[in-house]
Amino acid sequence: MELQAVLMAAGGGSRMMDLTYNTPKPLLPVGNRPLIWYPLNLLERVGFEGKHSVISENKPSKVSLKVKMISTTDILVVSCDLITDVALHEVVDLFRAHNATLSMLMSKVHEFTETVPGQKGKKKAGEQRDFVGVDVTGKRLLFMANEADLEEGLVLRKSIMRKHPRMLIKTGLLDAHLYCLKRSVVDFLVHNKSVTSIRGELVPYLVRKQFSKSLNSKNATEDTEKNQKQQDAHHNLELLSTSKEEALLQLARERSCWNDHRGDMSEAYHGGKLRCYVHIMEEGMCYRVNTLAAYIEANRVVPKLFEDPPIHPTAVVSERSLVGSDSIIGPICQISEKTSIKRSNVGTSSTIKEKVKITNSIIMNGVTIEEGCNIQGSVICNNAVIGRGADMKYCLVGSGQRIEPEAERTNEVIVGSDQLMEI
Amino acid sequence: MHHSIIVRVKEEDVKLQEVVQAKCEGKELTKEEKQRLRKEKKQHKKNKKDDRGPPEKEKEKEKASVLAPSKPATQSPAHKAAPVPVNASASESPVAAEKPAKSKAEQRAERRARQDTERASKQGKKEGGQQSASSKPKATPNELQPVVKRLPEHIQVDDPAALKKLAKKLERQQVPLRSDYGYKVSLFSHLHQYSRKNPPTQQISIPATVIHPSIVRLGLQYSQGIIAGSNARSVALLHAFKQVIQDYSTPPNEELSRDLVNKLSPYISFLSQCRPLSASMGNAIKYIKKEISNIPSQCKEEEAKRRLQECIDSYINEKIILASEAISKYAIEKISDGDVILVYGCSSLVNHILCEAFEKQRKFRVIVVDSRPRLEGREALRRLVKKGIRCTYVLISALSYILPEVSKVFLGAHALLANGYVMSRVGTSQIALVAKAYNVPVLVCCETYKFCERVQTDSFESNELDDPDDLIVTRNGKTHLENWQTVKSLGLLNLVYDVTPPDFVDLVITDLGMIPCTSVPVVLRVKNVDQ
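Calculation rules
Residues numbered from 1 in each chain as written. Chains lettered and ligands numbered in written order. Predicted model: local features only at pLDDT ≥ 70, side-chain atom pairs only at ≥ 80, totals over all residues. Heavy atoms only, no water. UniProt positions renumbered as here; feature names shortened; annotations may be inferred. Helix = DSSP H or I, 4+ residues; strand = E, 2+ residues; numbered from the N terminus. Buried < 20%, exposed > 50% of the residue type's maximum accessible area, 1.4 Å probe, protein only. Contact = heavy atoms within 4.5 Å. Areas by Shrake-Rupley, 256 points an atom, 1.4 Å probe, with all protein chains shown as cover. pLDDT = per-residue confidence, 0-100. Salt bridge = Lys/Arg side-chain N within 4 Å of Asp/Glu carboxyl O. Pairing = 2+ DSSP bridges. Phe/Tyr/Trp six-rings, centres within 6.5 Å; stacked < 30°, edge-to-face > 60°. Expected span 1.5 Å × (residues − 1). Bend = angle between axes of the 7 residues up to and from the residue. Polar contact = N/O pair within 3.5 Å; in protein donor to acceptor, adjacent residues only side chain to side chain. Buried area = accessible area lost by both parts, 1.4 Å probe. Patch = residues over 30% accessible without salt bridge, like charges linked within 9 Å, V, L, I, M, F, W, Y side chains within 5 Å. Lys, Arg positive; Asp, Glu negative; His and termini not counted. Charge placed at Lys NZ, Arg CZ, Asp CG, Glu CD. Core = buried A, V, L, I, M, F, W, Y, C linked by side-chain atoms within 4.5 Å. Domains from an automatic or database assignment. Nonpolar A, V, L, I, M, F, W, Y, C, P; charged D, E, K, R; others polar.

Under an unreviewed UniProt entry, the name given to chain B is Translation initiation factor eIF2B subunit delta, and the organism recorded is Sinocyclocheilus anshuiensis. As its UniProt record puts it under Subcellular location (unreviewed entry), chain B is described as follows: "Cytoplasm, Cytosol".

Where an unreviewed UniProt entry is consulted, chain A appears under the name Translation initiation factor eIF2B subunit gamma, with the organism given as Sinocyclocheilus anshuiensis. Check the Subcellular location (unreviewed entry) section of the UniProt entry for chain A; it says "Cytoplasm, Cytosol".

Here you go:
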């Protein structure tokens, strides 16, 4: 088997707790499908047949990894909140062709244009930026750091500059959290429990390790690493992979007249065994639904891509209602007369009574909206009830909440009191 | 001989001759006639099978033996050379100029065959001669008989029937079809032209199940040029096959010797979609298939796999590693102190020779000639300079300026063809031509496993077209050829190989020794007899 897929369904959605305190993040509806449907669909379209999902306890950190199996093949790690139409073979081809240790996907960040409920003031740009350094071809990953980890400034090692004198540093990139990892890395993770996050720790570690001296000179006294034991374990695993097979590969590479760089006297890949590659998507759609803004944006864009009928056949829509062409209505809904639904998503089993105006909003499953409401730019979570005559502008109504009739709320987040206690 | 034969070319005369013979020789000839008819029937059946089946290489070898200067030798009846005249006459070769030559060859073959018939009629070696004699008159009137020698698919791209056949075959094997890209120059429209931006893995499932992952990886490396060079490609191919054999398990009710060969066919189709197979790869595949089919059926699977792995290892060891040692030994004799050696592009073998010579304390300097768009000479330059050899680097356009300084030219080869032509990177024939004009000796270094039974006299018939976008270059921020596809009258041609005639090559250094170019068919025949 070439690759096994690992779907990370563990994240708690720490950046959108208002949405996820009652619903696990993988089950949040996007375009009337659970969020986890999208990465599963991507994997299935490409040809994966058996999948492994990993669900761990609710850890409010960045995506954690708990691999309970020792894999016998290379793995493809996908996060459950990834919605993309990337041609997956681009990422995997880099992994295959260069025999890479890590191959990942990144995409240009799109600005979110929709107003986010509950947002006070302008969005703070530049928070937690990622600095990604690639070589001239744009494929080889040379440097990766998050702004939060850099205290004084960006520090580049001389060994990197000597090997790759031309490096492009990009900041406007979104990490799609899709990684192809070699089997030896998985073994390394299993033996080193101190590494808890792929994105936060493992990937920068691997990127740095490409240029560390210990790999090339087989000398285990490198002291710039965090953990001597960690590095030893990795080092041992590197040795495991060199075998007689490698001798033939080495012969083939020697006889081949190809080099990935020119200008210096070293052979291809500078003789390094650890290589990290990245595929940066220029066009196409790639969203990570881990913030409220992203969630809203995804709901806006995603339904257009699938050929489903906008109004589900089991929904009951009365004739005197007006459902815009860019809205979608989920199954078993009841839309009463004289309602107007524009640019909105209405989830499963929701009931919309008469004379309701819904614009630019996301109504999740099981919601009841009484007569005469006016909902604009809002997100109404599962099983909420909006009393009659309420006027909600740019609000977020949490799961199971009730809004009293004739309420007028603008730019508020309405959640239960029990949620407020959670840290 | 109790009658003489006046050979006349026309068909009617031939028939007349036969009638005359029949009248003269009476009983003996009727026996001959019977045998002749039997042979004809066999030939018909065989030709019908040929339409669908056997490897084209065999036919080309026979075709070669017709066209080769050493005709009498190859026409001896003992071999399968007999069907040659039939195939030669009936094949629809794309080069029209070959037709008159072939019919002359036919005529000579006819004449010889008839003479052989007479001589052999008493000795009983009737098979070959009669086949040709009987099929000769049959063939000439029916030149359009569907007894067509099969041309390989990869040089028939402009024939829609061949394309359809290929598509069907690939569909059956579940290998994705790679579509051609861009406008092709008309002289080369019979060859495939692919783009690197459409990799062959677009339609392959991830993870690859139909095609073994190491083969997918290999195909990608071929198409992206990461593994380039005849030796490297063969070694990588054999390595991938080793992994395939490792992961192979015989299904129930099947024999390893037959099933494994069938398993390899879709892989080979996939690889040739990624990049057309080289001659060395073709020979390696033939060897593997032979080894697999020679596994005795009572051999256990583990034992068989182990044996195959060993075969592959020994093949690489003998044909590539030891061969290059032997060639360097011979070549070093030819390098004297004070030499100025010219090399072209990056040939792993030539680089090895030069490095060895340098280690043996020969004093020489090297001139590396390079050409666009591959610019492989840079890699050769890097390896030689790293060793410590004094090098000069020029582009091929400066060749005639630099040649007066040169004392020898060492060239590598992609394949050596049966008529003595050297197939190598495009530009090699130019180097050989100009070197000849300056009276500089040209030595070609080539291992024997790259010897190929094909025959080619020009670079058009069978070649490889690389991605035309490689020719586009960006200087000062401007890419002039960016929209070359919109200009209807413009075509970009990126040839990979060319053939050098044997008149320009002074010596071929192989692991069997130093031979002249024209001895290649002898080596091939010796190899075939060995096997």
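Read on, since the account is not over.
Our next topic: the overall build of chain B. Assigned secondary structure in chain B consists of 18 helices and 10 strands. Counting across all 531 residues of chain B, residues that qualify as buried make up 53%. Taking all contacts inside chain B whose residues are at least 6 apart in sequence as the whole, residues at least 24 apart take part in 77%. Here chain B has roughly 25,400 Å² of accessible surface; of this, 53% comes from carbon and sulfur atoms.

Here we come to the overall build of chain A. Looking only at helices and strands, chain A features 11 helices and 31 strands. Within chain A, the proportion of its 423 residues that are buried is 54%. Look at the contacts in chain A between residues 6 or more apart in sequence, and 53% of them connect residues 24 or more apart. Carbon and sulfur atoms form 51% of the exposed surface of chain A, whose accessible area is close to 19,600 Å².

Take the confidence of the model for chain A next. All names here are of chain A. Per-residue pLDDT for chain A has a mean of 79; in total, 82% of the residues score no lower than 70. Ranking the elements of chain A by mean pLDDT puts helix α8 (residues 228-241) last with 47 and strand β12 (residues 276-281) first with 94. Note that residues 56-66 has pLDDT below 50 and, in this model, 23 contacts with residues that lie over four places away or in other chains.

Moving on: the pattern of salt bridges. Residue and element names in this part refer to chain B. Scanning all chains against the criterion turns up 34 salt bridges over all chains. For Lys184, the salt bridge identified is with Asp180, shortest N-O distance 2.8 Å. We classify Lys184 as buried; its relative accessible area is 14%. Across the pair Arg365 and Glu405 runs a salt bridge whose closest N-O atoms are separated by 3.0 Å.

Turning our attention to the sheet that holds strand β23 (residues 368-369) of chain A. Residue and element names in this part refer to chain A. What the six strands build is an open sheet, ordered β14-β17-β20-β23-β26-β29; its pairing is parallel. Whereas interior strands pair on both sides, the edge strands pair on one side only; in this sheet they are β14 (316-317) and β29 (402-403). Pairing geometry for strand β26 (residues 385-386) and β29, over two bridges, is parallel. Residue pairing for β29: Ile386 is matched across the bridge by Ile403.

What follows concerns the packing of aromatic side chains. Given two aromatic rings, one states the distance between the centres and the angle between the planes to describe the pair. All names here are of chain A. For the structure shown, the criterion picks out six aromatic pairs over all chains. With 5.6 Å between their ring centres and 65 degrees between their planes, Trp258 and Tyr269 make a pair best called edge-to-face. Here Trp258 is found in the loop between α9 (244-255) and β12, whereas its partner Tyr269 is found in the loop between α9 and β12, with 11 residues between them in sequence. The burial state of Trp258 is the same as that of Tyr269; both residues are buried.

Here helix α13 (residues 301-334) of chain B contains 34 residues, and its C-alpha end-to-end distance of 48 Å stays within 8% of the 50 Å for a straight helix at 1.5 Å per residue. In the structure, α13(B) departs most strongly from a straight axis at B:Ala323, where the bend amounts to approximately 35 degrees.

Here we take up unusual backbone geometry. Going from B:Ile206 to B:Pro207, the amide bond is cis rather than trans, its omega being 0 degrees. Here B:Asn439, not a glycine, exhibits a phi torsion of approximately 60 degrees, which is positive.

Turning to the sheet that holds strand β25 (residues 379-380) of chain A, a few remarks are in order. All names here are of chain A. Ordered by their spatial adjacency, six strands build an open sheet running β16-β19-β22-β25-β28-β31, and the pairing between neighbours is parallel. Since the sheet does not close on itself, it has two edges, and those belong to β16 (328-329) and β31 (413-414), each with one partner. For strand β22 (residues 362-363) and β25, the ladder comprises two bridges, and the chain directions are parallel. In the strand pairing of β25, Ile363 is matched with Ile380.

Another aspect to go through is the environment of B:Arg217. Residue placement: B:Arg217 occurs in helix α9 (residues 213-223). Sequence separation between B:Arg217 and B:Ala240 is 23 residues, and the spatial gap between their C-alpha atoms is 8.9 Å. In this structure, B:Arg217 is in contact with A:Arg96 and A:Asn99, ignoring residues within four places of it in sequence. A distance of 3.1 Å separates the side chain of B:Arg217 from the backbone oxygen of A:Arg96, its partner in a polar contact.

Let us now look at the interface of chain A and chain B. Across the boundary between the two partners, chain A contributes 33 residues, which contact 38 residues of chain B. Of the roughly 3,300 Å² buried between chain A and chain B on both sides combined, carbon and sulfur atoms contribute 61%. By the criterion of area lost to chain B, the three top residues of chain A are A:Arg96, A:Arg255 and A:Cys257, representing 24% of everything that side buries. In this assembly, chain A and chain B are joined by zero salt bridges. Counting every contact that joins chain A to chain B gives 15 residue pairs in polar contact (both at pLDDT 80 or more).

All names here are of chain B. A contiguous patch of positive charge on the surface is contributed by Lys31, Lys34, Arg38 and Lys42. Tracing the backbone shows Arg38 in helix α2 (residues 27-52). Residue classification places Arg38 among the exposed residues on the basis of a relative accessible area of 52%.

Our next topic: the nonpolar core. One finds A:Leu76, A:Leu88, A:Leu178, B:Ile215 and B:Phe241 to be the most contacted residues of the largest nonpolar core, which totals 83 residues. Residue contacts for A:Leu88: discarding those within four places in its chain leaves A:Leu43, A:Val46, A:Leu76, A:Leu178 and B:Ile206. B:Val394, B:Leu399, B:Ala418 and B:Ile515 belong to the second largest nonpolar core, which has 31 residues in total.

This paragraph deals with the domain arrangement of chain B. A common way to express how large an interface is: the accessible area buried when the components associate. Residues and elements named next belong to chain B. Domain boundaries assigned for chain B yield domain 1 (160-320) and domain 2 (335-459 + 495-530). Computed over C-alpha atoms, the centres of domain 1 and domain 2 are 28 Å apart. The three residues of domain 1 that bury the most area against domain 2 are Asn231, Ala279 and Lys319, which together make up 36% of that side's buried surface. In this assembly, domain 1 and domain 2 are joined by one salt bridge. Note that Glu453 and Lys286 form a salt bridge whose closest N and O atoms lie 3.9 Å from each other. On inspection of domain 1 and its partner domain 2, the count reaches seven residue pairs in polar contact (both at pLDDT 80 or more). For the side of domain 1 that touches domain 2, the secondary-structure elements that each account for two or more residues are α10 (230-247), α12 (279-293) and α13. The residue makeup of the side of domain 1 that touches domain 2, split by class, is four nonpolar, six polar and four charged.

It is worth spelling out the environment of B:Glu447 at this point. All names here are of chain B. By secondary structure assignment, the location of Glu447 is in the loop between β7 (442-445) and β8 (497-500). Between the alpha carbons of Glu447 and Ser324 there is a distance of 7.2 Å; along the sequence they are 123 residues apart. Setting aside anything within four residues of it in sequence, one finds Glu447 in contact with Asn231, Lys319, Ala323, Ile327, Leu349 and Asp511. For Glu447, the side chain forms a polar contact with the side chain of Asn231, separated by 3.0 Å.

This part takes up the domain arrangement of chain A. All names here are of chain A. Per the domain assignment, the segments of chain A are domain 1 (3-150 + 157-213 + 274-299) and domain 2 (310-414). With 20 residues of domain 1 at the interface, the matching set in domain 2 holds 24 residues. Taking both partners together, domain 1 and domain 2 bury about 1,500 Å²; carbon and sulfur atoms supply 56% of that area. Looking only at domain 1, the three residues that lose the most surface to domain 2 are Asp18, Asn32 and Pro117, adding up to 31% of its buried area. The interface formed by domain 1 and domain 2 holds zero salt bridges in total. Joining domain 1 to domain 2, the criterion identifies two residue pairs in polar contact (both at pLDDT 80 or more). Among the residues forming the side of domain 1 that touches domain 2, the class breakdown is nine nonpolar, eight polar and three charged.

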